[in-house]
Amino acid sequence: MTRLRENSNAWCGRGLLVCCVLIAIVAVIPYGRDARTVVVFSMGLDKIVHFLGFAFMAVLAIGAGKGLPLWKRASLVLLVLVFGAAVEWFQYYLPYRTFNPLDIVANTFGVLSGVAAGIMALQTGRRRAQSA
């Protein structure tokens, strides 16, 4: 367990890379029409998935940047934001996918929420380490 904590930056970095690859693949493959019509609480299920996926990626970006200068951590988060917009923008050019600006909004709110959760987790970890 100690070894995992020591390499948490590396694990988060690898996880972030895997998430980027998976999201890029899922964003370019065609899918059936029924997947777009699932609605949860008058919001498309895909918006919830966008939100959660990019929140997770932001947490991984914060974890990967732990111990780095603030500008490098901010750069990682900015890259996740740009990646979210780029994936959606790329779908505009795919004839079997649709561009939806609300997906970018869901991605952005996911990143912001993930950053808040990641920062809170780091602060909690620091407090525990200081009290131990």
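In the block above lies the structure referred to throughout.
(A) Quick peek at the state of the cysteines. Counted by the stated rule, this structure contains 0 disulfides. Left unpaired, Cys 20 is separated from the closest cysteine sulfur, that of Cys 19, by 7.1 Å. Residue Cys 20 is classed as partly exposed on the basis of its relative accessible area of 21%.

(B) A look at the pattern of salt bridges. Counted by the stated rule, this structure contains 2 salt bridges. A salt bridge links Lys 47 to Asp 46; the shortest N-O distance between them is 3.0 Å. With a relative accessible area of 11%, Lys 47 lands in the buried category. One salt bridge connects Asp 103 with Lys 47, and the closest N-O pair in it is separated by 2.8 Å. Note that Asp 103 is positioned in helix α5 (residues 101–131) and Lys 47 in helix α3 (residues 45–64), a separation of 56 residues in sequence. Each member of the pair, Asp 103 as well as Lys 47, is classed as buried. Salt bridges sharing partners connect three or more residues here, namely Asp 46, Lys 47 and Asp 103.

(C) Broad picture of the packing of aromatic side chains. Taken as a whole and judged by the stated rule, the model has 4 aromatic pairs. With 6.3 Å between their ring centres and 40° between their planes, Phe 54 and Phe 83 make a pair best called tilted. Pair noted here: Phe 54 is in helix α3 and Phe 83 is in helix α4 (residues 70–91), with a separation of 29 residues, a long-range link. The exposure class assigned to Phe 54 is buried, which follows from its relative accessible area of 3%. Seen from their ring centres, Tyr 92 and Phe 99 are 6.1 Å apart, and the 90° between their planes marks the pair as edge-to-face. Residue classification places Tyr 92 among the exposed positions, given a relative accessible area of 55%. An aromatic cluster is built from Trp 89, Tyr 92, Tyr 93 and Phe 99, whose rings are joined through pairwise contacts.

(D) Region of interest: α4. Along its 22 residues, α4 runs 32 Å from first to last C-alpha, staying within 8% of the 32 Å computed at 1.5 Å per residue. Of the residues making up α4, those classed as buried are Val 77, Val 80, Phe 83, Gly 84, Val 87, Glu 88 and Gln 91. Take α4 and look down its axis: the buried residues cluster within an arc of 120°, on one side only. Residues of α4 that are exposed and point more than 90 degrees away from the buried face comprise Leu 70, Trp 71, Leu 78, Leu 79 and Trp 89. Contacts made by the buried residues of α4 are with α2 (8–28), α3 and α5.

Reading guide: rules and limits
- Residues numbered from 1 in each chain as written.
- Predicted model: local features only at pLDDT ≥ 70, side-chain atom pairs only at ≥ 80, totals over all residues.
- Heavy atoms only, no water.
- Disulfide = S-S within 2.5 Å.
- Buried < 20%, exposed > 50% of the residue type's maximum accessible area, 1.4 Å probe, protein only.
- Salt bridge = Lys/Arg side-chain N within 4 Å of Asp/Glu carboxyl O.
- Helix = DSSP H or I, 4+ residues; strand = E, 2+ residues; numbered from the N terminus.
- Phe/Tyr/Trp six-rings, centres within 6.5 Å; stacked < 30°, edge-to-face > 60°.
- Expected span 1.5 Å × (residues − 1).
- Arc of directions from axis to C-beta.
- Contact = heavy atoms within 4.5 Å.

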